[in-house]
Amino acid sequence: MPETKVLTANLHEPDLHTIAVYERLGGYASARKAALDMAPEEVLEQLEASGLRGRGGAGFSMGKKASFVPKGTMDKYLCCNADESEPGAFKDRLLMQKNPHQLVEGCIIGSIAAGANRAFIFIRGEYEIQAKILDAAVEEARAKGYLGEGIFGSKFDLDLVVHRGQGAYICGEESALLDGLEGKRGNPRLKPPFPANQGLYQGPTLINNVETLCNTPAIIEKGADWFQSIGVDKSTGTKLVSVSGNVQRPGNYEIELGISVRDIVYGLAGGPPEGREVKGFFPGGSSAPVLTADSLDLPYTFESMAEAGSMLGSGSIIVVDDSQPIVPLALRLAEFYRHESCGKCVPCREGTNWTVKTLERIEEGEATPMDLEIMAEVQENIIGNCLCVLGDSMAMPIGSMIKHFRPEFEEHIEDARAGKDREAVPAFGAGELAAAAEAGPA
Amino acid sequence: MPDRRTFPLGWDAANDLAKDPGLVPDPAEVDVPEELRIAILAAMARYPDSRSATLPALASAQKVHGWCSPLALHQTAAVMQVTPAYLSSVATFYDMLRTEPIGDRYLFVCTSVACHLRDAKAVYEAIAQEARDQGLEGVDVREFECLGACDMAPMASVDGRYVGPLAQSDARELVSAVKEKRQVLPGRGLEDPGFRLPWSTSDA
């Protein structure tokens with residue numbers, strides 16, 4: 001199954017990041033059309049009819065989200081979430097680095113739909129090159145009159161600012177992103193009120209992922225029906241999938257939603273290294289519950305991944321091959337969430353910490369099978385009990401690992417304990433045996 | 001120094017209760033380097049609410065001072081007209097803002113989940129060992145959480161320049177390039193012209 005290139009169709013063009021090349025390839029025609037020839041309601045209608053779902057993780061309908069932004073004369077905002085920090089995700093990096101104007105155009109279209117006069121791109125601080133490229137793109141668009149007062153000669157004003165984060169995974173959560181943008185510690189807020197009603201500076205705010213916004217120019221250009229015709233059911237359009245981990249060709253691949261996971265992992269990414277088998281995979285970044293090789297033949301859609309007990313999330317597939325022991329992987333995963341937990345809610349702050357400590361005990365040979373039960377229980381007590389889903393994002397994959405690989409956990413506990421016992425109490429006569437071995441056969 | 005992955009800075013330091021809380025500094029009394037003042041004012045002008053400029057302002061202060069030192073926070077507070085404590089609360093939250101004088105450059109080695117699967121820990125240890133052996137100073141060398149480049153795993157970010165895929169054997173050259181302030185692994189940086197992954201068939 002080949003790739004279906006829509007978002008990435010022009011990426012091979014040299015100097016695509018300059019406005020001249022982007023416009024030569026038809027860029028900004030959609031934004032111009034949306035600003036001059038369409039009413040904001042029509043833009044919104046097209047986005048809603050396309051069935052475009054958020055590409056950041058939750059998979060909520062983008063048009064519907066935009067329609068929640070109230071009408072009126074208050075200050076409204078658009079925030080593009082470019083704080084891509086989920087382990088396994090690197091699709092937005094590609095889109096911003098190679099085709100920054102597509103995102104700027106997407107921001108213009110999104111702002112028109114939501115009636116927002118100020119837009120922000122919140123990009124993670126580690127993406128230094130990409131932030132510079134975006135800054136340059138915004139300057140070019142402003143110089144052309146596509147941003148600023150009366151864009152494209154219409155009566156619509158739009159200011160776009162690229163805001164750089166400083167390294168916090170939690171700022172990818174929409175309400176924490178808003179706090180980061182307001183110059184505070186990135187702590188999630190209580191919801192409701194949702195950002196669409198009360199977001200940045202207490203004003204109605206539409207927050208969308210980079211890839212979501214990048215999809216909008218093509219929808220305005222070719223229509224919602226065209227977008228609907230790609231993909232299956234409620235998973236419309238193409239999806240940029242980041243494949244990483246134990247595969248031969250990690251990278252970004254743009255696919256039509258609905259092809260099988262096997263086609264992506266084996267067909268596009270080359271499968272696990274020679275002689276290895278797939279042990280499991282995260283279908284939607286490290287926050288998605290792990291699925292085993294049995295699920296490889298499922299279609300890659302929002303619905304089928306949810307039915308299998310996981311999620312499509314940001315569309316990042318991390319493949320784990322059979323040479324990888326599960327306990328160190330679980331530990332590394334838990335360490336990530338412990339480090340990134342903002343500390344506002346107790347179940348997440350303590351739960352991530354407990355999980356790391358339990359897994360460390362397993363590694364050190366100090367755990368008992370009961371610890372596995374306690375750890376599974378800790379995960380259950382995190383899920384749904386916090387302001388945001390960061391804790392859940394650890395609890396779900398760890399819980400799924402215990403569920404799918406329980407025998408391996410138990411074996412690891414026993415092996416590590418046996419190893420520790422051997423170290424602590426040398427077997428009787430070990431010294432004599434070693435000496436005898438050194439002396440060689442008599 | 002305690003391991004800061006486990007113990008956040010100041011976890012065992014008692015508050016000085018006898019001290020008065022820091023006030024918003026009087027701009028007339030604080031000497032702020034001109035370039036820093038200009039950078040902060042420019043950032044403040046970009047937002048409807050000037051407090052939004054906190055992150056860019058702290059990043060600029062860090063660039064000038066090498067880290068978010070008490071002096072850097074004091075100067076930033078004077079320009080932004082906020083308390084130093086507020087800036088300190090923000091600076092301690094974000095990973096890229098340094099609250100200790102470790103160095104004014106950074107070398108982040110990603111060891112997160114996707115890189116972990118491709119043996120990133122060994123690469124990090126080789127780099128850390130090499131940094132000790134070569135006596136690398138003024139550079140914040142550390143393991144970092146996912147840098148968003150799992151396609152080039154294992155990888156590292158040298159002051160924002162992404163290089164990869166790395167092997168343990170690259171550690172020596174990488175560290176000496178950082179030490180001698182040369183370009184690190186030319187041709188293997190993400191933004192290098194014509195960069196492609198070893199297995200890639202296209203530029204994208």
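Everything below is about the structure printed above this text.
Residues numbered from 1 in each chain as written. Chains lettered and ligands numbered in written order. Predicted model: local features only at pLDDT ≥ 70, side-chain atom pairs only at ≥ 80, totals over all residues. Heavy atoms only, no water.

Q: Before we go on, may I ask you to explain the overall build of chain B in this structure?
A: When helices and strands are tallied, chain B shows seven helices and four strands. Across its three principal axes, chain B shows a C-alpha extent of roughly 60 × 40 × 30 Å. In chain B, which comprises 204 residues, the proportion classed as buried is 52%. Pairs at least 24 apart in sequence give 64% of the contacts found in chain B among residues at least 6 apart. Here chain B has roughly 9,700 Å² of accessible surface; of this, 52% comes from carbon and sulfur atoms. Looking at charge distribution, chain B has the averaged site of its 20 positive side-chain charges lying 4 Å from that of its 29 negative ones. (Helix = DSSP H or I, 4+ residues; strand = E, 2+ residues; numbered from the N terminus. Buried < 20%, exposed > 50% of the residue type's maximum accessible area, 1.4 Å probe, protein only. Contact = heavy atoms within 4.5 Å. Areas by Shrake-Rupley, 256 points an atom, 1.4 Å probe, with all protein chains shown as cover. Lys, Arg positive; Asp, Glu negative; His and termini not counted. Charge placed at Lys NZ, Arg CZ, Asp CG, Glu CD.)

Q: Any chance you could explain the sheet that holds strand β2 (residues 139-144) of chain B here in plain terms?
A: All names here are of chain B. Strand order in the open sheet formed by four strands is β2-β1-β3-β4, with mixed pairing between adjacent strands. This sheet does not close on itself; its edge strands, each paired only once, are β2 and β4 (161-163). Neighbouring strand axes in the sheet, compared pairwise and without regard to direction, differ in orientation by 20° on average. In this structure, strand β3 (residues 156-158) lies alongside β4, joined through three bridges in antiparallel fashion. Paired with Val158 across the strands is Arg161, a residue of β4. (Pairing = 2+ DSSP bridges. Axes fitted to C-alpha atoms, helices over the stretch in contact; angles between N-to-C directions.)

Q: Honestly, the packing of aromatic side chains in this entry has me stumped. Any pointers?
A: Each aromatic ring pair is described using two quantities: the centre-to-centre distance and the angle formed by the ring planes. All names here are of chain A. One pass over the structure, following the stated rule, counts 14 aromatic pairs over all chains. With a centroid separation of 4.6 Å and an interplanar angle of 20°, the aromatic rings of Tyr146 and Phe152 are classed as stacked. Phe152 matches Tyr146 in its accessibility class, with the two residues each being buried. Counting every residue linked through ring pairs, the aromatic cluster contains Tyr22, Tyr28, Tyr146 and Phe152. Over the ring of Phe302 we find Arg53; its NZ or CZ atom is 4.2 Å from the centre of that ring. (Phe/Tyr/Trp six-rings, centres within 6.5 Å; stacked < 30°, edge-to-face > 60°. Lys NZ or Arg CZ within 6 Å of the ring centre and 35° of its normal.)

Q: Even after reading the chapter, I still don't get the sheet that holds strand β10 (residues 291-292) of chain A, so can you show me in this structure?
A: Picture the strands of a sheet paired through backbone hydrogen bonds; they go either parallel or antiparallel. Residues and elements named next belong to chain A. Reading across the sheet, the five strands line up as β8-β7-β11-β9-β10 and stay open at both edges, with mixed pairing between neighbours. The sheet terminates laterally at β8 (251-256) and β10, the two strands that pair on one side only. Here strand β7 (residues 238-245) pairs with β8 via six bridges, running antiparallel. Paired with Val243 across the two strands is Gly251, which belongs to β8. Set on the sheet, helix α11 (residues 261-268) makes contact with β7, β8, β9 (278-282) and β11 (316-321); between it and β11 the angle comes to about 70°.

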